[in-house]
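Survey of secondary and tertiary structure
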Amino acid sequence: MHEDLLAEGEQVSLNRVARLMSVAGLQGWPRKKGRGRKRSSIRPPGINNHLERDFTALEPDTKWVTDITEVKTQQGKLYLCVVLDLFSKLVIGWSMHHRQDRQMVMRAVEMAVWQKQGKQESILHSDRGSQFTSGDYQRLLKRKDLVSSMSAVGHCADNAACEGFFGVLKRECVNRKNYRTQDEARADIFDYIERFHNPRMRRRLAVQDQRFKSLLNRP
């Protein structure tokens, strides 16, 4: 809430926001505890962890992260794969499917590449899920001139930026719903990404850009 208010140009302290929310009986949605872990595969030869938990990016389309999460529906699980730009925090690629397969992951990457601006080198970081270590996925990255980067085994913090996005998605959207069908979940997640999250990130970028220009113009 505090970050959104700052992005809208409001000058307000974190403590004041917390106090006003408390008076109004408002509180954030708690994060649910995760269950289980995905199986990790052997990292392909020549693939390293290029990020080393450095999730800062000074330019767009230089550092991307990707991962998969599951969404429960009464019709069964729906899987979501996203590609996140670490500079803008925009979801630049995403795909959903009822199976957690490499084709779903590759569609998300294709969408991100289609939206890429310029020809600068892009690092695409993931964990060692079998979808990301597959030959088809690795060949796709080479064709698209993307540098593959992978986490160490059992180190979830190596992809904390993408896990953080999923945590916010679950708290602000998914955990508040009881989806009857996978199509209902798809529509709701699409609405969250394209009509809420990405516009919010663009507003923040615009405010940051304006502040930077104001500093440059100071005598």
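Residues numbered from 1 in each chain as written. Predicted model: local features only at pLDDT ≥ 70, side-chain atom pairs only at ≥ 80, totals over all residues. Heavy atoms only, no water.

Remarks on the pairing of strand β3 (residues 91-97)
Filter applied, for reference: Note on exposure labels: buried denotes an accessible area under 20% of the residue type's maximum, exposed denotes more than 50%, and partly exposed covers the range between, all computed with a 1.4 Å probe on protein chains only. Only DSSP runs of H or I with at least four residues qualify as helices, and only runs of E with at least two residues qualify as strands; both kinds are numbered from the N terminus onward. For two strands to be treated as a pair, DSSP must find at least two bridges joining them.
Burial within β3 is extensive, with seven of its seven residues counted as buried. As paired strands, strand β2 (residues 76-85) and β3 are joined by six bridges and run antiparallel to one another. Considered in β3, the bridge of Leu84 is made with Val91. Connecting β2 to the next strand, β3, in antiparallel fashion are five residues, including Lys89 with a positive phi near 65°.

Notes on the side chain of Arg128
We count it as follows: When charges are counted, Lys and Arg contribute as positive and Asp and Glu as negative, whereas His and the chain ends are disregarded. One side-chain nitrogen of Lys or Arg within 4 Å of one carboxyl oxygen of Asp or Glu is enough to make a salt bridge. Each polar contact in these results corresponds to two N or O atoms within 3.5 Å; when the atoms are within protein, one needs to be able to donate a hydrogen and the other to accept it, and residues that are neighboring in sequence are counted only if both atoms are side-chain atoms.
You can see Arg128 is positioned in the loop between β4 (122-126) and α4 (130-133). With no salt bridge to any partner, buried Arg128 finds its closest opposite charge in Asp158, at an N-O distance of 7.5 Å. A polar contact of 2.8 Å, which involves the side chain of Arg128, links it to the backbone oxygen of Ser151.

As for the sheet that holds β4
To keep it simple, the criterion reads: To define axes, lines are fitted to C-alpha atoms, for helices over the stretch in contact only, and angles between the resulting N-to-C directions are given on a 0 to 180 degree scale. Contact definition: two residues touch when any of their heavy atoms are within 4.5 Å.
Spatially, β3-β2-β1-β4-β5 is the arrangement adopted by the five strands of the open sheet, whose pairing is mixed. At either margin of the open sheet sits one strand with a lone partner, and together these are β3 and β5 (146-150). With direction set aside, neighbouring strand axes in the sheet form an average angle of 25°. Bridge analysis of strand β1 (residues 63-73) against β2 gives 10 bridges, and the strand direction is antiparallel. Bridging from a neighbouring strand, Asp67 pairs with Val82 of β2. Sitting on the sheet, helix α5 (residues 135-143) touches β1, β4 and β5, and the angle it makes with β5 is about 140°.

As for unusual backbone geometry
Of note in the backbone geometry, Glu52 takes a positive phi value of approximately 50° without being a glycine. Positive phi is not limited to glycine here, since Asp61 has a value of about 60°.

What about the side chain of Asn159?
Relative to the assigned elements, Asn159 resides in the loop between β5 and α6 (160-172). The exposure class of Asn159 is buried, given its relative accessible area of 2%. Within polar-contact distance, the side chain of Asn159 engages the backbone oxygen of Thr66 at 3.0 Å. The contacts of Asn159, once residues within four sequence positions are left out, are Phe55, Val65, Thr66, Asp67, His125, Ser126, Asp127 and Ser151.

As for the pattern of salt bridges
The tally for this structure, following the rule as stated, stands at 12 salt bridges. With a closest N to O distance of 2.7 Å, Arg102 and Asp136 form a salt bridge. In this pair, Arg102 is assigned in helix α3 (residues 102-115) and Asp136 in helix α5, connecting sequence segments 34 residues apart.

Looking at the packing of aromatic side chains
To keep it simple, the criterion reads: Whether two aromatic rings pair depends on their centres lying within 6.5 Å, for rings of Phe, Tyr and Trp, where Trp uses its six-membered ring; planes under 30 degrees apart make the pair stacked, over 60 edge-to-face, and the rest tilted.
Under the definition given, this model contains four aromatic pairs. Consider the rings of Phe165 and Phe166, whose centres lie 5.9 Å apart with planes at 50°: the pair is tilted. Each member of the pair, Phe165 as well as Phe166, is classed as buried.

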